[in-house]
Amino acid sequence: RFRSRLLLFNFIPLPYALRQIGMILAISLYAYFTGGAPSTVRATIMVSVALFGKCLWQESDRLTTWAIAAGALLLWNPYELFMAGVQLSFMAVLGVILCLEMIEKNELFVEWKYTKTTKTLMIWLCVQLFTWPILAYHFFEIAFVMSLLNLVIIPLFSIIIIGGWGVLGLSFLPGFLGLAKIGSMMIEILLEDIEQVARLCLKIPLATLCVGRPKWIE
């Protein structure tokens, strides 16, 4: 998501390496202004490592960048290892990484082509398998139906964040303040609609499964 929002840097007339460094600085500023939550820091480190590798004309390895982000975060504060949010963030990404590698290997060596819908569902399932045990351990329940809602909400939030940055940029331009207000109102309405849908989904039977805290071996 970070990289898709920073495609504007590709159109800046600067040397290739300087564009990558500019992206790293922009991502770091984004993480700082949004409060530096562990999940944001994790994403910032992973993308920054990948971009720095491009400066050296090296392809980044997903598991390596994941491990570097985990190591850096734990060196800064080892106790974050026991935080539910940190565990969920890193395990969800690990599920995505392992799923993507499996898909890529199958497409490369087995010549099995997956549709976009199949890939999305496989990634979603891997994320749930890697995060449900953590949710059960910390919160004694699993968001069963609500997890399906993520298939729709996550793409919408990408649009909301991009739109938010666009509205912010327009608000600084003379003559575009009215358009920025209209854009911000549309984003606010979309957020309210998402919240209402989430509240309705909570009322559906089996929306959350109360499973209790599993043992470590489980």
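Structure: see above.
First, a word on what this report is: a plain description of the structure on this page.

The rules we used
- Residues numbered from 1 in each chain as written.
- Predicted model: local features only at pLDDT ≥ 70, side-chain atom pairs only at ≥ 80, totals over all residues.
- Heavy atoms only, no water.
- Helix = DSSP H or I, 4+ residues; strand = E, 2+ residues; numbered from the N terminus.
- Buried < 20%, exposed > 50% of the residue type's maximum accessible area, 1.4 Å probe, protein only.
- Areas by Shrake-Rupley, 256 points an atom, 1.4 Å probe, with all protein chains shown as cover.
- Lys, Arg positive; Asp, Glu negative; His and termini not counted.
- Charge placed at Lys NZ, Arg CZ, Asp CG, Glu CD.
- Salt bridge = Lys/Arg side-chain N within 4 Å of Asp/Glu carboxyl O.
- Axes fitted to C-alpha atoms, helices over the stretch in contact; angles between N-to-C directions.
- Parallel < 35°, antiparallel > 145°, perpendicular 65-115°, else oblique.
- Left-handed = near helix turned anticlockwise from the far one by under 90°.
- Contact = heavy atoms within 4.5 Å.
- Nonpolar A, V, L, I, M, F, W, Y, C, P; charged D, E, K, R; others polar.
- Core = buried A, V, L, I, M, F, W, Y, C linked by side-chain atoms within 4.5 Å.
- Phe/Tyr/Trp six-rings, centres within 6.5 Å; stacked < 30°, edge-to-face > 60°.
- Expected span 1.5 Å × (residues − 1).
- Arc of directions from axis to C-beta.

**Concerning the overall build of the protein chain**
Within the protein chain, the secondary structure is distributed over 8 helices and 2 strands. For the protein chain, the sequential pattern of α-helices and β-strands runs α-α-α-α-α-α-β-α-α-β. Going through the 218 residues of the protein chain one by one, you find that 32% of them count as buried. Per element, the accessible surface of the protein chain, about 14,700 Å² overall, is 72% carbon and sulfur. Computed over 16 positive and 13 negative side-chain charges, the separation of the two mean positions in the protein chain equals 3 Å.

**Observations concerning the pattern of salt bridges**
Under the criterion given, the structure shown has 3 salt bridges. Two residues, E107 and K119, come together in a salt bridge whose shortest N-O distance is 3.4 Å. Note that E107 is positioned in helix α5 (residues 84-110) and K119 in helix α6 (residues 116-139), a separation of 12 residues in sequence. We classify E107 as buried; its relative accessible area is 18%. When the shortest N-O distance is used, the salt bridge between R199 and E195 registers 2.9 Å. One end of the pair is R199 and the other is E195, both in helix α8 (residues 177-202) and 4 residues apart, which spans about a single turn. On the basis of relative accessible area, R199 is assigned to the partly exposed category, the value being 48%. The partly exposed category is assigned to E195, whose relative accessible area is 39%.

**As for the packing of α6 against helix α7 (residues 144-171)**
As a packed pair, α6 and α7 sit with axes 11 Å apart at the nearest point and diverge in direction by 140 degrees. The orientation of α6 relative to α7 falls into the category oblique. Crossing handedness for the pair α6 and α7: right-handed. Side by side, α6 and α7 meet where T120, L121, W124, Q128 and W132 of the first sit next to F144, S147, L148 and L151 of the second. The class makeup of the residues in the contact of α6 with α7 is 6 nonpolar, 3 polar and no charged.

**Observations concerning the nonpolar core**
Counting 11 residues, the largest nonpolar core consists of I45, M46, W66, A69, A70, L73, V86, F90, V93, L94 and I97. Every element with two or more residues in this core is listed here: α3 (38-55), α4 (62-76) and α5. Counting residues per element, this core draws most heavily on α5, which supplies 5 residues. The residues touching V86, leaving out its near neighbours within four places in the chain, are P38, L73 and E80. Residues V167, A180, I187 and A198 belong to the second largest nonpolar core, which totals 10 residues.

**Quick look at unusual backbone geometry**
Despite not being glycine, F140 has its phi angle at roughly 65 degrees, a positive value. Mapped onto the elements, F140 comes out in the loop between α6 and β1 (141-142).

**With respect to the packing of aromatic side chains**
The relative placement of two aromatic rings is captured by the distance of their centres and the angle of their planes. All told, the structure shown has 3 aromatic pairs when counted by the stated rule. Between Y32 and F33, the aromatic rings sit 5.5 Å apart at their centres with planes inclined by 70 degrees, giving edge-to-face as the arrangement. Here W66 and F90 contribute two aromatic rings whose centre-to-centre distance is 6.0 Å and whose plane-to-plane angle is 75 degrees, an arrangement assigned as edge-to-face. A residue pair is termed long-range when its members are at least 10 positions apart, and W66 in helix α4 and F90 in helix α5 qualify at 24 residues.

**Details of the environment of A92**
Following the sequence through the fold, A92 ends up in helix α5. Separated by 35 residues in the primary sequence, A92 and V127 place their C-alpha atoms 4.9 Å from one another. When residues no more than four places from it in sequence are discounted, the contact partners of A92 are V127 and T131.

**Structural notes on α4**
A rise of 1.5 Å per residue sets the reference length of α4, with its 15 residues, at 21 Å; its end C-alpha atoms lie 21 Å apart and thus fit the reference within 8%. Among the residues of α4, T65, W66, A69, A70 and L73 are the ones counted as buried. Seen end-on, α4 carries its buried residues on one side only, within an arc spanning 135 degrees. Residues of α4 that are buried sit in contact with α3 and α5.

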